[in-house]
Every structure is written in C-alpha cells, then in structure tokens.
Amino acid sequence: MMPPRKNMGRVSPFLLILLALGFFFATYNLVTMIIHNRVTRSSSITTSTSNNNGGSEWFDPVQESGLKSGDHRKFHVALTATDAPYSKWQCRIMYYWYKRMKDRSGSDMGGFTRVLHSGKPDNLMEEIPTFVVDPLPAGLDRGYIVLNRPWAFVQWLEKATIEEEYILMAEPDHIFANPLPNLARGDHPTAFPFFYIKPSEHEKIIRKYYPEDLGPVTNVDPIGNSPVIIKKSILEKIAPTWMNVSLRMKDDPETDKAFGWVLEMYGYAVASALHGVRHILRKDFMLQPPWDLEVGKRFIIHYTYGCDYNMKGELTYGKIGEWRFDKRSYLRGPPPKNLSLPPPGVPESVVRLVKMVNEATANIPGWETE
C-alpha cells in the first residue's frame, strides 16, 4: 500500500523557481554566517589518510571522540526514481531485496519510500511504498535528470511523515546483499568513498563553492549522496544547500565540464562541508562489480558498471562480451527472467549479482509487464 501523502497537488513552475531562488540566497547567507562566525569544528576530527587515488580512504571522527557504535536505531530507506521503465524495473528488484533483508538478524532497516519525482503516480504505487513529488521546472535540469534528486529530497523531507530518526539514501540499482545495520554513529553520518570523487584534484573549482576561509579542501569528503546513512535532522539542513550548490555547478561551464555525470555527487559533498558535516567512510558499505570480485560481508551491490566476459571467464571491459550483464541493455523494459549465469572463472560478485536478479524476477508478480 502507498503511505499517506500530504500536499500532493502540483506546484506551479513559478513557485518552484521562487523556491530555488530562496534556497540560493539561503545558501549564501549560510556561507556568510560561517565565514563571519567561523563555526568551530571539533578538535577530535582529524584528517583522513590518503590513498593512491588522491581521495580519503577512511575517516572516522568517532574513533577520536569516544562515541560508541551499536545504538541500532532504525533507518528509513529512501531512493529517488522516475516513472521510466528503466527506473521501474530496478526499483522493483531493489524493493524485493529490501523486503528479504529487512527483518534478518543484524538489520536496522525501518520503512521504505520510493520518492517518485515525475510529478504524478505510476503503476507501481500499490507494489512499492511511494511518495510523489514534482520534478524541477522544465529545462532547469538541462537534460541532467539527476539534478532532480536533491529537489526531490527537499520536498519529501518537508512534506512526508518519516518515523525513523535516520535515513539511508539509496538508488534503484542497489541490491542489499547482506542485512544492513545502522552504520551512522550519533550525529556522524556514514558514506561510501568513491575513487573518482577527488575534491583535492579540483581545488580551483571546489573553491568556487567552498571558500578558503572555511578550511582545507580535504573537508569535502570523497562521496556522493548515496549510499549515505544520516540523521534526518541533519539531512533536512543539508538538502536545500545540496540542491542549490548542484544547480550553481550545472550553471557554471567549467564545473559542468570537469564534473560531468558526477556533478550532483560533488554537490552533496560540498553542501555537507558547508554545514560542517564529515562522514565516516566505509568501503564495506558497498561493492561494484566487476571491479570488486567478492561480496563477502559488504552490504550493497551497486550494478552501475557493465559486466562483459568471454567464455573463458575473462573480463572484456570496453568490448561487448560473449556473456554480459549490463543494466543499460534494458532501457525500454525489464530484463527477462532466468538470465544465463556467467561462464566458469567469472568473479563471485558477478555470479551473485545475476543470481539475485534472477531470484527477484522469478518472485515478483507480473514481472514482464513493465
């Protein structure tokens, strides 16, 4: 069943533009306030170690502050989505594995919401708990649909009733491989460090949005907004700034060219830094086949990359393989049931991914309808 929704009428484009302008000025007021008042950061927060990719590998402010994990407070799982067939089938698989893992030992999962930013209900409303929000005004995303993600979270956080104190921001192409505990510790959110998010290598650009007076560029974590487990009250403060910074980045040709398809991820990282929020970085939060070879104890499979192999089990990345699984092969509709398993020699992570997709498609009613 669909959870209660409030204020579901469409908001006029003019009002959305006014809201965007309001968030623009709010962000500048925030920056000015921080510059003049020099918000103090806890002396217990130290810089993280650097890896060979130039990004932070681990950052855990809790180790120095003395906070303890294990509060096991429930978190609400939220993912943003569109009504396109490509998004729908991924959401259905994601929700299936949420239900399979939710009540297992070690899980702190609470409720689930698909935040649908298409502005109108679709045919999955009864299957997946869904909250409908409006997209950005036509043309404002400039074809970069991911810009709708922060605006969707702003609306959802403002209008929805969310019982849990924490929120997991997830994506349709996530599969829960193991029961997920609350990895956040108190006010310290937890995120996955992406090797391709490198604030230190883009200092000139980052400084357009994160002034020197606020501290070193290393205060900007090498993350996106997903996966992140964060206190709802903290996300409510970050989300409008995240939206505003992302829109400003898209409007700046230099930033847009440098960041490309990960621009919105940088937007979240910068917005968090503007609010003085650092994330605990957990590499075991997620794995990404085919590069990560085993699932092990990691919690989420992110199948954003295509998996191409020859029949000897050798990776042929960049070249269509004799055997392949790539979500982009199914832009117009869902993958068929009972996909062929990879040939011998293919990493366990890829085999596990395909088996989990097959289990979901075999058990979701009316799978091949859309």
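Up top is the structure.
A few points on the structure. Residue positions are given per chain, counting from 1 as you read along its sequence in written order. Residues qualify for local features only when their pLDDT is at least 70, as the model is predicted, and side-chain atom pairs are given and counted only at 80 or more; totals for whole chains, interfaces and linings, by contrast, use all residues. Only heavy atoms go into the side-chain values, all of them from the structure, while hydrogens and water stay out.

1. A few points about the overall build of the protein
The condition is simple: Every helix listed is a DSSP run of H or I at least four residues long, and every strand listed is a run of E at least two residues long, numbered separately from the N terminus. Partly exposed residues are those whose accessible area sits between 20% and 50% of the maximum for their type, while under 20% is buried and over 50% is exposed, using a 1.4 Å probe and protein chains only. Any pair of residues with heavy atoms lying within 4.5 Å of one another is described as a contacting pair. Computed with a 1.4 Å probe, the accessible areas rest on the Shrake-Rupley method; for each residue, only the protein chains presented here act as cover.
A tally of regular secondary structure across the protein gives nine helices and 12 strands. Counting across all 370 residues of the protein, residues that qualify as buried make up 58%. Expressed as a percentage of contacts within the protein between residues at least 6 apart in sequence, the contacts between residues at least 24 apart total 73%. In the structure as shown, the protein presents an accessible area of about 16,400 Å², 53% of it carried by carbon and sulfur atoms.

2. A closer look at helix H6 (residues 232–251)
Given 3.6 residues per helical turn, the α-helix brings residues three or four places apart onto the same face. The condition is simple: Multiplying 1.5 Å by the helix residue count minus one yields the expected span of that helix. At any given residue, the bend is defined as the angle formed between two axes, one fitted to the seven residues that end at that position and one fitted to the seven that begin there.
With 20 residues, H6 extends 29 Å from end C-alpha to end C-alpha; this agrees with the ideal 28 Å at 1.5 Å per step. The principal kink in H6, of about 30°, is found at Ile-238, preceding the proline Pro-240 by one to four residues. The buried fraction of H6 is high, at 16 of 20 residues.

3. Brief notes about the pairing of strand S4 (residues 166–170)
The cut-off we apply is this: When DSSP finds two or more bridges between a pair of strands, those strands are recorded as paired.
With respect to burial, S4 is a largely interior element, five of its five residues being buried. Where burial is concerned, the two faces of S4 agree: the one with Tyr-166, Leu-168 and Ala-170 and the one with Ile-167 and Met-169 are both buried. Sheet analysis places strand S1 (residues 75–81) next to S4, joined by five bridges and oriented parallel. Pairing of His-76 across the sheet is with Ile-167, part of S4.

4. Quick word on the sheet that holds strand S10 (residues 300–302)
The sheet built from three strands is open, its strands ordered S5-S10-S9 with mixed pairing. Single-partner strands in this sheet number two, and they are strand S5 (174–176) and strand S9 (286–287). Looking at chain direction, S9 and S10 are connected through two bridges and run parallel. When the sheet's bridge partners are listed, Leu-287 is paired in S10 with Ile-301.

5. Things to note about the side chain of Arg-207
As for its position among the elements, Arg-207 is in the loop between helix H5 (203–206) and strand S7 (228–231). Setting aside residues no more than four positions away along its own chain, Arg-207 makes contact with Glu-212, Gly-215, Pro-216 and Val-217.

6. Regarding the layout of surface pockets
For clarity, the cut-off: In this analysis a 1.4 Å probe is tested at points of a 1 Å grid over the protein atoms alone, and where it fits but cannot get out there is a cavity; an open set with protein on both sides within 12 Å along at least five of seven lines is a pocket; lining residues have an atom within 4 Å of a point. Grid points are joined across faces, edges and corners, and a volume is the space filled by probe spheres set on the points. Residue polarity is assigned by list, with Asp, Glu, Lys and Arg as charged and Ala, Val, Leu, Ile, Met, Phe, Trp, Tyr, Cys and Pro as nonpolar; anything else, Gly included, falls into the polar class.
Each pocket or cavity is described by its volume, and for the largest pocket that value is around 660 Å³. Along the wall of the largest pocket there are 27 residues; nearest its centre are Val-146, Arg-149, Glu-171, Asp-173 and Lys-327. Of all the secondary structure elements, the ones that give two or more residues to the lining of the largest pocket are S1, helix H3 (85–102) and helix H8 (263–274). Examining the composition of the lining of the largest pocket, we find that three residues originate from one element, H3, more than from any other. Partitioned by chemical class, the residues of the lining of the largest pocket number 12 nonpolar, nine polar and six charged.

7. Remarks on a nonpolar patch on the surface
Put simply, the rule is: A patch consists of residues whose relative accessible area exceeds 30% and which take part in no salt bridge; residues with like charges are grouped when within 9 Å of each other, and nonpolar side chains (Val, Leu, Ile, Met, Phe, Trp, Tyr) when within 5 Å. Think of a salt bridge as a Lys or Arg side-chain nitrogen and an Asp or Glu carboxyl oxygen that are within 4 Å of each other.
Together, Trp-291, Leu-315 and Tyr-317 make up an exposed nonpolar region whose accessible area comes to about 310 Å². With relative accessibility at 43%, the residue Tyr-317 sits in the partly exposed group.

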